[in-house]
Amino acid sequence: MADTTKSPAKRLGSRYGRRVRHKLKDIEILQKKSYKCPYCNAIRVRRLAAGIWQCSKCKAKFANKAYTVKAE
Ligand SMILES: [Zn+2]
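Residues numbered from 1 in each chain as written. Predicted model: local features only at pLDDT ≥ 70, side-chain atom pairs only at ≥ 80, totals over all residues. Heavy atoms only, no water.

As for the packing of aromatic side chains
Logical step 1: Enumeration over the complete set of coordinates arrives at 2 aromatic pairs.
Logical step 2: With a centroid separation of 5.4 Å and an interplanar angle of 80°, the aromatic rings of Tyr35 and Trp53 are classed as edge-to-face. Here the residue Tyr35 occupies a position in the loop between helix H1 (18-32) and strand E1 (45-49), and Trp53 occupies one in strand E2 (residues 52-55), the gap between them amounting to 18 residues. The residues Tyr35 and Trp53 share a single accessibility class, namely buried.
Logical step 3: Measuring from ring centre to ring centre gives 5.8 Å for Tyr39 and Phe62, while their planes differ by 65°; the resulting arrangement is edge-to-face. Note that Tyr39 is positioned in the loop between H1 and E1 and Phe62 in strand E3 (residues 61-63), a separation of 23 residues in sequence.
Logical step 4: The exposure class assigned to Phe62 is buried, which follows from its relative accessible area of 9%. (Phe/Tyr/Trp six-rings, centres within 6.5 Å; stacked < 30°, edge-to-face > 60°. Helix = DSSP H or I, 4+ residues; strand = E, 2+ residues; numbered from the N terminus. Buried < 20%, exposed > 50% of the residue type's maximum accessible area, 1.4 Å probe, protein only.)

Okay, here's the thing in structure tokens:
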């Protein structure tokens, strides 16, 4: 099935090569989505910086992977 979601790598136009842009798209989608909070279980954890995540419900700030939150 065709991927209908707009790629966040569209802003780069034709630069940097197809494979690099496709890898970037996958990573940017992962880093921008909300994750489940390990403290209150709400799906409201957002990325602040590389490896730093914060829950907008309980304000918990914690370290995890650079681009995703690994569920344990
Ligand atoms: Zn929380």
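Side note on the sheet that holds E3
Logical step 1: The strand order across the open sheet formed by 3 strands is E1-E2-E3, and the pairing between neighbours is antiparallel. Bordering the open sheet on either side are E1 and E3, each of which pairs with just one other strand. Strand-to-strand twist in this sheet, taken as the mean axis angle between neighbours without regard to direction, amounts to 35°.
Logical step 2: Here E1 runs beside E2; their pairing, made up of 4 bridges, is antiparallel. Directly across from Arg47, in E2, lies its bridge partner Trp53. (Pairing = 2+ DSSP bridges. Axes fitted to C-alpha atoms, helices over the stretch in contact; angles between N-to-C directions.)

As for the coordination of the zinc ion
Logical step 1: The zinc ion binds to the protein through Cys37 (SG), Cys40 (SG), Cys55 (SG) and Cys58 (SG); the donor distances cover 2.2 to 2.3 Å.
Logical step 2: Classification of the site at the zinc ion rests on its 4 donor atoms, whose angles at the metal span 106 to 113°, yielding the label tetrahedral.
Logical step 3: The sequence pattern formed by the donor residues of the zinc ion is C-x2-C-x14-C-x2-C. Pair noted here: Cys40 is in the loop between H1 and E1 and Cys55 is in strand E2, with a separation of 15 residues, a long-range link.
Logical step 4: Exposure remark for Cys40: the relative accessible area of 26% places this residue in the partly exposed category.
Logical step 5: Using a relative accessible area of 1% as the deciding quantity, one classes Cys55 as buried. (Donors = N, O, S within 2.8 Å, 3.2 Å for Na, K, Ca; no water. Tetrahedral: all angles 85-135°; square planar, octahedral: opposite > 155°, others 65-115°.)

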